[in-house]
Amino acid sequence: MLIGYEDAQNALNPYYEQLWKIVTSSWEKYNSLPEEYTSIASKRGRATVVNDFVVALARQLSFDDSRFQNIEINGMFCLLIPTDVGLFAIRLKKLNIDGTSSNQLTKQVKSFKEHEEIAGLENAYHLEMGYVLNDYEEFNAVMIACPSGEKSICWKAEVTTHGVVNGEEELFASDTIEPNKYGFKVVRKDIIGDENEATGS
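Residues numbered from 1 in each chain as written. Predicted model: local features only at pLDDT ≥ 70, side-chain atom pairs only at ≥ 80, totals over all residues. Heavy atoms only, no water.

Draft legend 1. Main features of the overall build of the chain. Of regular secondary structure, the chain possesses five helices and six strands. The order of α-helices and β-strands along the chain, N terminus first, is α-α-α-α-β-β-β-α-β-β-β. The buried share among the 201 residues of the chain stands at 47%. Accessible surface, the chain as shown: approximately 10,300 Å² in total, 47% of it carbon and sulfur. (Helix = DSSP H or I, 4+ residues; strand = E, 2+ residues; numbered from the N terminus. Buried < 20%, exposed > 50% of the residue type's maximum accessible area, 1.4 Å probe, protein only. Areas by Shrake-Rupley, 256 points an atom, 1.4 Å probe, with all protein chains shown as cover.)

This is the structure in structure tokens:
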């Protein structure tokens, strides 16, 4: 099922701080590994290790906080958030600057990105969330996106604890935006049929 930007943000605002911590803490854990490993790790190897940290922290979060649940279906891990407007199923992945994720497009992942019903995720809203790197392969932002097929999205928002920058252009300086009661704000940018080639894992 598809959900619009405003409805999604209204429902997910109370949960973003914990989601942000999962992603940023996973990146920090990777950077704390011995340099003899991180200095030779490939992009794919790094993405795999960070994703392992993400999944482990997400599982721990669902154990510690009853607002969160998790499910793994044929190797596809999702963090589940039941809300008043419905169930959100969030794939935690490395995202490209355009808001898309790139990984092996299995039939199940294709169905997820096209918002088709998946056994175990009936009547769930499908979203993707993860870290975005800059041109120097450094951590840049945490982003949440609503996929629209393999290489496009319906909307995206970049979330930090200090303010918001858009994935393609900076819309507001972070020091000019007052954080909302959850400690951050999100900014919308609609992208339909983006032709940028995905490069991450």
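This is not the end of the story, as more comes after the structure.
Draft legend 2. Layout of helix 4 (residues 43-64). Its 22 residues place the ends of helix 4 31 Å apart at the C-alpha level, agreeing with the 32 Å of an ideal helix rising 1.5 Å per residue. Those residues of helix 4 that fall on the buried side of the exposure criterion are Arg46, Ala47, Val49, Val50, Val54, Val55, Ala58, Leu61 and Ser62. On the buried face of helix 4, the contacting elements are helix 2 (16-31), helix 3 (35-38), strand 1 (69-73), strand 2 (76-83), strand 3 (86-92) and strand 4 (124-133). (Expected span 1.5 Å × (residues − 1). Contact = heavy atoms within 4.5 Å.)

Draft legend 3. Local environment of the confidence of the model for the chain. The predicted model of the chain has a mean per-residue pLDDT of 81, with 79% of residues at 70 or higher. For the stretch residues 162-201, pLDDT sits under 50, and the model shows 87 contacts to residues farther than four places along the chain or on other chains. (pLDDT = per-residue confidence, 0-100.)

Draft legend 4. Region of interest: the environment of leucine 79. As for its placement among the helices and strands, leucine 79 is situated in strand 2. Considering only alpha carbons, one finds leucine 79 and alanine 89, ten residues apart in sequence, at a separation of 5.8 Å. In this structure leucine 79 touches Leu19, Ile22, Ala58, Leu61, Phe68, Gln69, Asn70, Phe88, Ala89, Ile90 and Leu92, once residues within four positions along its chain are discounted.

Draft legend 5. Representation of unusual backbone geometry. Despite not being glycine, histidine 115 has its phi angle at roughly 60 degrees, a positive value. Mapped onto the elements of the fold, histidine 115 is located in the loop between helix 5 (107-113) and strand 4. You can call histidine 115 buried: its relative accessible area is 14%. Its identity is not glycine, yet asparagine 123 carries a phi of approximately 60 degrees, on the positive side. Mapped onto the elements, asparagine 123 comes out in the loop between helix 5 and strand 4.

Draft legend 6. Region of the structure containing the packing of aromatic side chains. What the rule picks out here adds up to seven aromatic pairs. Residues tryptophan 27 and phenylalanine 139 carry aromatic rings whose centres are separated by 6.1 Å and whose planes lie at 40 degrees to one another, so their mutual orientation is tilted. Of this pair, tryptophan 27 sits in helix 2 while phenylalanine 139 sits in strand 5 (residues 139-147), placing them 112 residues apart in sequence. Classification of tryptophan 27 as buried rests on a relative accessible area of 9%. Overall, the relative accessible area of 28% leaves phenylalanine 139 in the partly exposed class. Taking the centre distance of 6.3 Å and the plane angle of 70 degrees together, the rings of tyrosine 30 and tyrosine 37 count as edge-to-face. Linked through ring pairs, Trp27, Tyr30, Tyr37, Tyr131 and Phe139 together constitute an aromatic cluster. Taking the ring centre of phenylalanine 112 as reference, the NZ or CZ of arginine 91 above it sits at 5.7 Å. (Phe/Tyr/Trp six-rings, centres within 6.5 Å; stacked < 30°, edge-to-face > 60°. Lys NZ or Arg CZ within 6 Å of the ring centre and 35° of its normal.)

Draft legend 7. Molecular detail of helix 2. Compared with the 22 Å implied by 1.5 Å per residue over 16 residues, the 23 Å span of helix 2 between its first and last C-alpha is a close match. Residues Tyr16, Leu19, Trp20, Ile22, Val23, Thr24, Ser26, Trp27 and Tyr30 constitute the buried set of helix 2. Along helix 2, the residues classed as buried sweep out an arc of 170 degrees about the axis, all on the same side. (Arc of directions from axis to C-beta.)

Draft legend 8. Spotlight on the environment of glutamate 72. Its place among the elements puts glutamate 72 in strand 1. Each C-alpha atom of the pair glutamate 72 and glycine 120 lies 9.1 Å from the other, and the pair is 48 residues apart in sequence. With residues near it in sequence (within four places) discarded, glutamate 72 still touches Arg59 and Phe77. Within polar-contact distance, the side chain of glutamate 72 engages the side chain of arginine 59 at 2.5 Å. (Polar contact = N/O pair within 3.5 Å; in protein donor to acceptor, adjacent residues only side chain to side chain.)

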